[in-house]
Amino acid sequence: MTVPSAAEQRAVQRRTVSVLSAGQVLGGIAFGATVSLGALLAADISGDDALSGLATASVTLGAALCAIPLARLATKLGRRRALTLGNLFALVGIGIVISAAAVRSFPLLLVGIVLIGAGNAGNLQSRFAATDLASPRHRGRDLSVVVWATTVGGVAGPLLLGPGEIVGQAIGMPPQTGSYLFSLVAQVAALVLYLLALRPDPLLLAQRILAAGVGKTAVEERRDHPVAARYAMFAIAASHVVMASVMAMTPIHLAHMAHSTHGGHATPADISTLVGVTIAMHVAGMYALSPLFGILADRWGRLRVVLLGQGLLAGALLFAITVNDQAWGVMVALILLGLGWSAATVAGAALLTEATTPALRTRRQGRSDSLMSFSAAGGAVLAGMILSNFQYGGLAVAASVLVVAIAVLSPLGRLGSHTPHA
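Worth saying up front: this structure is predicted, and the values here are computed from it rather than measured.

## Observations concerning the pattern of salt bridges
Then step 1. Counted by the stated rule, this structure contains seven salt bridges.
Then step 2. Linking Asp-298 and Arg-302 is a salt bridge whose minimum nitrogen-to-oxygen distance equals 2.6 Å.
Then step 3. Since its relative accessible area comes to 24%, Asp-298 is described here as partly exposed.
Then step 4. Relative accessible area serves as the criterion here: at 7%, Arg-302 is assigned to the buried category.
Then step 5. Close ionic contact of Arg-302 with Glu-354 constitutes a salt bridge, the shortest N to O distance being 3.0 Å. Highlighted residues: Arg-302 in helix H13 (residues 302-322) and Glu-354 in helix H14 (residues 327-354), separated in sequence by 52 residues.
Then step 6. Glu-354 sits in the partly exposed class, given a relative accessible area of 28%.
Then step 7. One network of salt bridges, with partners in common, ties together Asp-298, Arg-302 and Glu-354.

In structure tokens:
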């Protein structure tokens, strides 16, 4: 097969980014619904708030378990097949979650959430797929555009809680599962989109161009910087732990606040509205400004934007410590938490890609996603225990340790001279 010209490569890249962005909109709906409902369903079905963190732990565990296998599948068969397999996992998971709520089975609920998390591993891989054919000068921008697209679905997911409950009750679905009906439809649409529109496959085309020894993909700098790559993986994972652990416990904290505000008699609708709006604002913070952070990462440098993210995370934790008894204070904390995560994740992913030779990129990207998810799974479990014993402010104090560690270790993220990789 002939190698496409530079102009054709740019056209393929634009099409790829558009398709991946549309897929992220659809995939984000299931993510937003699970983030909002997972902890509440877990607490309700198990009868123990301390076990609510297992919901977020399960979704991140699913992503962790599938990140490396999906990356390997992408290397062999392309991004398209890896992403569609992720959609299939999520579809099965949604069905199991609805069934678990109907029979009140906590273990079955966790199995379903694990599979939804496996689907989210595909969503995470989309941001790296956006860099397969991207020029080094625009790598951060292209990656961030795909991350930004998740805003629509991620915000819509929590906001569909109320309408979802109405639809769910009308057709006899279990309580607090109605919005998963919307997620089901969105996942089917994403699967069809990837199957039909993600052609040519960006990773397979990039591999072909590299093998032919022509074009931007083949001639870009190939020096490997394993120390900087490891720092990028740590910064991404630790920032994700901070975000996921605090965010996972926020619905429980808000539920307690709602009961306190309403004299101990808050209705499920009161709680769903407060949680839905707060998480929607948080998800908007996670994704809405990602193109700005991508552009800044291209212009200022990856490491500076990673540190900007830590500053935003520190501000979020300060609000969570000092104003956690007010709904507006928790909302500000969650918005800043999302913004800090966005800056660190976009810039960290660009740094990881830039610090790694093309031959090792997909493998390290899979490892990064796996480390990020495994770490967040453990953090979510610990977050439930910390919340039970030290309240919301104590959880924020504990999370701040990771922010300090990322800042202190930042000199490791500088791209130095060539170091042979293992």
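## Digging into the packing of aromatic side chains
Then step 1. All chains considered together, the criterion is met by two aromatic pairs.
Then step 2. Centroid distance Tyr-287 to Trp-341: 5.5 Å. Interplanar angle 80°. Geometry classified as edge-to-face. Separated by 54 residues along the polypeptide, Tyr-287 in helix H11 (residues 268-287) and Trp-341 in helix H14 bring together distant segments of the chain. Just as Tyr-287 is buried, Trp-341 falls in that class too.

## Side note on the packing of helix H3 (residues 79-103) against helix H4 (residues 106-129)
Then step 1. Where H3 contacts H4, the two axes come as close as 7 Å, and the packing angle between them is 155°. In terms of orientation, H3 lies roughly antiparallel with respect to H4. The element H3 and its partner H4 pack so that their crossing is left-handed.
Then step 2. Broken down by class, the residue content of the contact of H3 with H4 amounts to 19 nonpolar, eight polar and one charged.

## Comments concerning a positive patch on the surface
Then step 1. A cluster of basic side chains, namely Arg-72, Lys-76, Arg-363 and Arg-367, defines a positive patch on the protein surface.
Then step 2. Going through the elements one at a time, helix H2 (53-77) and helix H15 (358-408) are the ones with two or more residues in the positive patch.
Then step 3. In this fold, Lys-76 is placed in helix H2.
Then step 4. The class of Lys-76 is exposed, set by a relative accessible area of 69%.

Cut-offs applied
Residues numbered from 1 in each chain as written. Predicted model: local features only at pLDDT ≥ 70, side-chain atom pairs only at ≥ 80, totals over all residues. Heavy atoms only, no water. Salt bridge = Lys/Arg side-chain N within 4 Å of Asp/Glu carboxyl O. Buried < 20%, exposed > 50% of the residue type's maximum accessible area, 1.4 Å probe, protein only. Helix = DSSP H or I, 4+ residues; strand = E, 2+ residues; numbered from the N terminus. Phe/Tyr/Trp six-rings, centres within 6.5 Å; stacked < 30°, edge-to-face > 60°. Axes fitted to C-alpha atoms, helices over the stretch in contact; angles between N-to-C directions. Parallel < 35°, antiparallel > 145°, perpendicular 65-115°, else oblique. Left-handed = near helix turned anticlockwise from the far one by under 90°. Nonpolar A, V, L, I, M, F, W, Y, C, P; charged D, E, K, R; others polar. Patch = residues over 30% accessible without salt bridge, like charges linked within 9 Å, V, L, I, M, F, W, Y side chains within 5 Å. Areas by Shrake-Rupley, 256 points an atom, 1.4 Å probe, with all protein chains shown as cover. Lys, Arg positive; Asp, Glu negative; His and termini not counted. Charge placed at Lys NZ, Arg CZ, Asp CG, Glu CD.

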